[in-house]
Amino acid sequence: MAGWFRRLLHKPKSSSVESLKSSHSASSSPSSSSSSSAKSSSSSPGRSLATSSISLSPVSAVDISASDSPRWDKRYDVCICHSEEDVELVEELVSYLEGQPESFRCFLQLRDAVAGSAVVTELCDAVQNSHCWVMLITPGFLQDPWCRYQMHQALAEAPMANGRTIPVLKDVDRKDYPRELWNIYYIYMALKEKSFRQIRDTVVRYLQELCQSSTKGTE
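Residues numbered from 1 in each chain as written. Predicted model: local features only at pLDDT ≥ 70, side-chain atom pairs only at ≥ 80, totals over all residues. Heavy atoms only, no water.

A look at the pairing of strand S4 (residues 165–169)
Alright, step 1. The buried fraction of S4 is high, at 5 of 5 residues.
Alright, step 2. Residues Thr165, Pro167 and Leu169 point to one face of S4 and Ile166 and Val168 to the other, with burial holding for every one of them. (Buried < 20%, exposed > 50% of the residue type's maximum accessible area, 1.4 Å probe, protein only. Helix = DSSP H or I, 4+ residues; strand = E, 2+ residues; numbered from the N terminus.)

A look at the pattern of salt bridges
Alright, step 1. One pass over the full model with this rule turns up 11 salt bridges.
Alright, step 2. Among the salt bridges present, the one from Asp77 reaches Arg71, with a minimum N-O distance of 2.8 Å. When sorted by exposure, Asp77 lands in the same class as Arg71, which is buried.
Alright, step 3. For Arg111, the salt bridge goes to Glu98, with nearest N and O atoms at 2.8 Å. Taken together, the residues Arg111 in helix H3 (residues 109–112) and Glu98 in helix H2 (residues 87–98) connect sequence positions 13 residues apart. (Salt bridge = Lys/Arg side-chain N within 4 Å of Asp/Glu carboxyl O.)

Structural notes on the pairing of strand S1 (residues 76–81)
Side chains on a regular strand alternate between the two faces of the sheet.
Alright, step 1. The buried fraction of S1 is high, at 6 of 6 residues.
Alright, step 2. As paired elements, S1 and strand S3 (residues 130–137) share 5 bridges and run parallel to each other. Within S3, the residue paired with Cys81 across the bridge is Met135.
Alright, step 3. Note: S1 against strand S2 (residues 106–107), 2 bridges, orientation parallel. Counted as the bridge partner of Cys79 is Phe107 from S2.
Alright, step 4. Taken together, S1, H2 and S2 form a β-α-β motif whose crossover is right-handed. (Pairing = 2+ DSSP bridges. Right-handed = clockwise from strand over helix to strand, strands pointing away.)

A closer look at the sheet that holds S2
Alright, step 1. Pairing within the open sheet is parallel, and its 5 strands lie in the order S2-S1-S3-S4-S5. The outermost strands of the open sheet, each flanked by one partner alone, are S2 and strand S5 (187–188).
Alright, step 2. In this fold helix H4 (residues 119–128) packs onto S1, S2 and S3, with an angle of close to 120 degrees to the strand it touches most, S3.
Alright, step 3. The strands touched by helix H6 (residues 145–157) within the sheet are S1, S3 and S4, with S3 carrying the most contacts at an inclination of about 140 degrees. (Contact = heavy atoms within 4.5 Å. Axes fitted to C-alpha atoms, helices over the stretch in contact; angles between N-to-C directions.)

Printed below as a string of structure tokens:
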């Protein structure tokens, strides 16, 4: 992971939070997600959302991009935790999420990390300033101590399985699923397009629930 700081990538110009707020406020509300959010399961090494038969009630559609949405309380919607060898796949995922109608704000270390900053500082800041964390669990992830470190930081930030931590398994046997994540459902990446859609839907669902909780708190 430290090798990423030797690679020079031009960070694309992005709109400010204020411009995103105004553009989304003028548009219609995003469609409601039909994906299941992460649920607890402590008796086995995780369960896949793709194979789960549990039916969850849908969250009512709310405008997660409204100007007063708690979405804007954090700098990023999604932080992608991944190994260096999975950069190409992660760039595809980030491109997909940022191209959605919600214009998700993603933290991609190769692009968004501040040159000269300590790796630990950047990883911690990314976790603390993101609503959701996608853990791309591959053989490379399991061997990368920085990935493990960021995973533990995310779990410390939100220890309960409340939809913020989104494990995604690829080319990893279920028995190798990290023990620390056993209480969280994971997405098994067989078809890339389907998995990307599941990730998007999970993020939308969490942000919708966040907005609803904020609304109830002000009533």
